[in-house]
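Structure at a glance
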Amino acid sequence: MRLRFAPSPTGPLHIGGVRTALFNYLLAKKNNGEFILRIEDTDQTRYVEGAENYIIEALEWLGIEFDESIIKGGKFAPYKQSERREIYQKHIQILIENGNAYYAFDTADELEQMRSRLQEQKSPVQHYNYVTREQMKNSFTLSNQEVTTFIEKGKPYVVRFNMPQNKDLLLKDIIRGDVKVNTSTLDDKVLFKSDGLPTYHLANIVDDHLMEITHVIRGEEWLPSLPIHYLLYEAFGWTAPEFAHLPLILKPNGKGKLSKRDGDQLGFPVFPIDWIDPKTNEKSAGYREWGYSPQAVVNMLAFLGWNPGTEQEVFDIQQLINAFEISKVQKGGAKFDPEKTKWFNQQHLRLTDTNILAHKLIEKYKSEDISISSKNAVKVIDLVKERAIFEADLFELTSFFFIAPQEYNSKALKKNWKEETPELIKKSIKFLSNIEDFSSKNLEERFINWINEQEIGLGKILNPVRLLLVGNTSGPHLFDILEIVGKTEVINRLNNGLRNI
Ligand code: GLU
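An account of the accompanying structure is given in this report. The model shown is predicted, which means the values in this text are computed figures rather than measured ones.

So, the nonpolar core
- One finds Phe 5, Phe 35, Leu 59, Tyr 287 and Phe 336 to be the most contacted residues of the largest nonpolar core, which totals 58 residues.
- Of all the elements in the fold, those that place two or more residues in this core are strand 1 (2-5), helix 1 (15-30), strand 2 (34-37), helix 2 (51-62), strand 9 (242-246), helix 10 (294-302) and helix 11 (317-323).
- Ignoring anything within four residues of it in the chain, the contact list for Phe 336 reads Ile 15, Ile 249, Leu 250, Lys 251, Pro 252, Leu 258, Phe 268, Tyr 287, Met 300, Leu 304 and Thr 341.
- Core analysis: the second largest hydrophobic core is formed by 50 residues, Leu 357, Ile 370, Ala 388 and Ile 484 among them.

Written out as structure tokens, the structure is:
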């Protein structure tokens, strides 16, 4: 199997495009096949600076690897269409010679006039086809001599596909089953322009054939192009690959296609990595910079339109490769769920090796001029890991261990700071100063015994102690906090509290 991802570098890659790349990759790898990146940049008017690098960087971040690409090369290089002009020029000649394509010299004005005329006449045919071509300037209405002279004189032209009249086509799609189309509903698509460049249809088919692509997986928006693609394969006498058109990705409310605007409004990214528009400097947020892990993004995308048919939801990319089946992709649109995306991130964070997270956390503290031991980093991560959604949460959720509270929650203070509290804290300081073994277990046993001996409610001491240590009355097990904060700092924070309140 040979599959390809064939983006046009017209801007940042929307997550819909990333999902297309992913599904192609999964199917290729499941079958020990190859996955190819081809850049479709023949429409020079839509070329956007930086888009190509963006696509490569985003897919690299996600771990979606190519076997052949503009960077890696490969036996079918070049993989950038703008570097394959001669190939298309040669192929358009084949179609012209075998009568499947023809020259047309109509100017933009003439085409516009044709459209208004058809509209006025309320003609059932509204496009350039076997009926209307007879009234236009093309190989059907001009003599061979005229055509040659026009070309020689440099008159702008296009080469159009000679769409057959009233031919039934049976198109096959792995996801949608058979699709029937009659060619009379189709137009004479432009395949080539006098600037020497092909349009998408020609370049795409020629390259898929020459690059020996066996399966084409792409978005539903390309389904209307399938008939012309089938006909082009036929016109060249080639076998068409198999096709699968993926369902749309819908807005969270299910109404319409997911757009960048939805992301901006509802506060989630629709791009894999940050994108800065080279013209406007406007930034579009990406999953990477937002703090999502590539594993979570891949997992979330795989579930947009596909599921394994089991209860399992959390997959790494290798597991996805093993489980993926293109025939299980749904036809209907797939609703995007930002909350579920966070859930995926949380699940993958929980699966991340604590030592790896500890290393990152130590670095983060270092950047705040705080040095923490790896033993403590592992300990605190274990205490808060379940609650974190993003890696950055680990810092937020653990900072109180290493940074003394700057203030105390006023509500908690009101509730827990009573007349007798300062006296009880003073006694606690004295008691804690005499404890040598500051391990959580030992502290818990001794401290609680001591409180019980005095016949005071546990909360009367434990709540204000917690408040002075962390600024609030919530958080992990108090004695774990005491152990990690350490004796000297515990006593400091309690003394500070007495001074401050
Ligand atoms: N260049 C097209 C795109 O931008 C490729 C469509 C296809 O996969 O055939 O999506």
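Additional details are given in the paragraphs that follow.
Observations concerning the environment of Val 465
- Secondary-structure assignment places Val 465 in helix 19 (residues 458-470).
- Spatially, the C-alpha atom of Val 465 lies 61 Å from that of Ala 6, the residues being 459 residues apart in sequence.
- Discounting residues that sit within four places of it in the chain, Val 465 has contacts with Ile 425, Leu 478 and Leu 494.

Quick look at the pairing of strand 4 (residues 158-161)
- The two faces of strand 4 match: Val 158 and Arg 160 on one face and Val 159 and Phe 161 on the other face are all buried.
- Two strands pair when backbone bridges link them, and strand 3 (residues 101-104) and strand 4 are joined in this way by four bridges, in the antiparallel orientation. Paired with Tyr 103 across the strands is Val 159, a residue of strand 4.
- With three bridges connecting them, strand 4 and strand 7 (residues 190-193) associate as antiparallel partners.

With respect to the sheet that holds strand 7
- The strand order 3-4-7 describes an open sheet built from three strands, whose pairing is antiparallel. Edge positions in the sheet fall to strand 3 and strand 7, since each of these pairs with one other strand and no more. Geometrically, the sheet is characterised by an average inter-axis angle of 30° between neighbouring strands, direction not taken into account.

Comments concerning the site of the ligand
- Around the ligand, the surrounding shell consists of Arg 4, Ala 6, Ser 8, Glu 40, Tyr 200, Asn 204, Arg 218 and Trp 222.
- Separating an oxygen atom of the ligand from a side-chain N or O atom of Tyr 200 is a distance of 2.8 Å.
- Asn 204 is positioned such that a nitrogen or oxygen atom in its side chain is 3.2 Å from an oxygen atom of the ligand.

Some remarks on the packing of helix 18 (residues 440-453) against helix 19
- Interhelical geometry of helix 18 versus helix 19 gives an angle of 135° and a closest axis separation of 9 Å. Accordingly, the angle class assigned to the pair helix 18 and helix 19 is oblique. Residues Phe 447, Ile 448, Trp 450, Ile 451 and Asn 452 of helix 18 lie in contact with helix 19, whose contacting residues are Leu 458, Ile 461 and Leu 462.
- By residue class, the composition of the contact of helix 18 with helix 19 is seven nonpolar, one polar and no charged.

Here we look at helix 2
- Across its twelve residues, helix 2 extends 17 Å between first and last C-alpha, which sits within 8% of the 16 Å expected from 1.5 Å per residue.
- Of all twelve residues in helix 2, nine are buried; the element is thus mostly enclosed.
- Taken together, the buried positions of helix 2 are Ala 51, Glu 52, Tyr 54, Ile 55, Ile 56, Ala 58, Leu 59, Trp 61 and Leu 62.
- In the stretch just after helix 2, Gly 63 is the one whose phi turns positive, near 80°.

Quick notes on the packing of aromatic side chains
- Within this structure, the stated rule accounts for 29 aromatic pairs.
- Taken together, a centroid distance of 4.6 Å and an interplanar angle of 45° make the contact between Tyr 200 and Trp 222 tilted. One end of the pair, Tyr 200, is in helix 6 (residues 200-210); the other, Trp 222, is in the loop between strand 8 (215-219) and helix 7 (226-236), and 22 residues separate them in sequence.
- Between Phe 400 and Phe 401, the aromatic rings sit 4.4 Å apart at their centres with planes inclined by 35°, giving tilted as the arrangement. Exposure class is identical for Phe 400 and Phe 401. Each is buried.
- Taken together, the ring pairs connect Phe 23, Phe 303, Trp 306, Phe 315, Phe 324, Trp 343 and Phe 344 into an aromatic cluster.
- Above the face of the Phe 23 ring, Arg 19 is positioned so that its terminal group lies 5.8 Å from the ring centre.
- Here the guanidinium or amino end of Arg 133 rests over the ring plane of Phe 140, the centre of that ring lying 4.7 Å away.

Topic: the pattern of salt bridges
- For the structure on display, the rule yields 34 salt bridges.
- Across the pair Asp 187 and Lys 189 runs a salt bridge, and its minimum N-O distance is 2.5 Å.
- Given a relative accessible area of 25%, Lys 189 falls into the partly exposed group.
- With a closest N to O distance of 3.1 Å, Asp 262 and Lys 251 form a salt bridge. With Asp 262 in helix 8 (residues 260-266) and Lys 251 in the loop between strand 10 (249-250) and helix 8, this residue pair connects regions lying eleven residues apart in the sequence.
- With a relative accessible area of 8%, Asp 262 lands in the buried category.
- One network of salt bridges, with partners in common, ties together Arg 4, Arg 38, Glu 40, Arg 84, Asp 207 and Asp 208.

A short note on unusual backbone geometry
- With an omega of 0°, the peptide bond running from Ala 77 to Pro 78 counts as cis.
- Counting through the fold element by element, Pro 78 comes out in the loop between helix 2 and helix 3 (85-97).
- Phi is positive for Glu 212, which is not a glycine, with a value near 55°.
- Within the secondary structure, Glu 212 is located in the loop between helix 6 and strand 8.
- One non-glycine residue with positive phi stands out, namely Glu 455, at about 55°.

Each value, and the rule that gives it
Residues numbered from 1 in each chain as written. Predicted model: local features only at pLDDT ≥ 70, side-chain atom pairs only at ≥ 80, totals over all residues. Heavy atoms only, no water. Core = buried A, V, L, I, M, F, W, Y, C linked by side-chain atoms within 4.5 Å. Buried < 20%, exposed > 50% of the residue type's maximum accessible area, 1.4 Å probe, protein only. Helix = DSSP H or I, 4+ residues; strand = E, 2+ residues; numbered from the N terminus. Contact = heavy atoms within 4.5 Å. Pairing = 2+ DSSP bridges. Axes fitted to C-alpha atoms, helices over the stretch in contact; angles between N-to-C directions. Near = heavy atom within 4 Å. Polar contact = N/O pair within 3.5 Å; in protein donor to acceptor, adjacent residues only side chain to side chain. Parallel < 35°, antiparallel > 145°, perpendicular 65-115°, else oblique. Nonpolar A, V, L, I, M, F, W, Y, C, P; charged D, E, K, R; others polar. Expected span 1.5 Å × (residues − 1). Phe/Tyr/Trp six-rings, centres within 6.5 Å; stacked < 30°, edge-to-face > 60°. Lys NZ or Arg CZ within 6 Å of the ring centre and 35° of its normal. Salt bridge = Lys/Arg side-chain N within 4 Å of Asp/Glu carboxyl O.

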